[in-house]
Amino acid sequence: MPQMMLEWAKTMTWKGVHPFVELSRTVYEKGVTVAKEAMQAVESRLERKPLLTKWDILIRPACAV
């Protein structure tokens, strides 16, 4: 199943560019947090729509392709 999902993800495009897709089997520890400054950098790229649910956001790329 993971291979099928990876192949499907590789078919997506954004402005004609295909993503680099790789399976990560890393297990992350619970309770690990991101520094406040690092999170602010991420938050500055998020665009939330008032009429949409809190999980439906647009993430603006950090750099133009």
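Structural data are supplied above this passage.
Residues numbered from 1 in each chain as written. Predicted model: local features only at pLDDT ≥ 70, side-chain atom pairs only at ≥ 80, totals over all residues. Heavy atoms only, no water.

Considering the overall build of the chain
The secondary structure content of the chain amounts to two helices and two strands. The linear arrangement of helices and strands in the chain, starting from the amino end, is α-α-β-β. The buried share of the chain, reckoned over its 65 residues, is 6%. The contacts of the chain with a sequence gap of at least 6 include a subset with a gap of at least 24, amounting to 10%. (Helix = DSSP H or I, 4+ residues; strand = E, 2+ residues; numbered from the N terminus. Buried < 20%, exposed > 50% of the residue type's maximum accessible area, 1.4 Å probe, protein only. Contact = heavy atoms within 4.5 Å.)

Considering unusual backbone geometry
Even without glycine at this site, Lys-15 takes up a positive phi of about 55°. Looking at the element boundaries, Lys-15 is found in the loop between helix H1 (2-10) and helix H2 (36-43). Taking the relative accessible area as the measure of exposure, Lys-15 reaches 69% and is therefore exposed.

A short note on the environment of Ile-59
Following the sequence through the fold, Ile-59 ends up in strand S2 (residues 57-59). In this structure the C-alpha to C-alpha distance between Ile-59 and Ser-24, which are 35 residues apart in sequence, comes to 21 Å. With residues near it in sequence (within four places) discarded, Ile-59 still touches Arg-45 and Leu-46.

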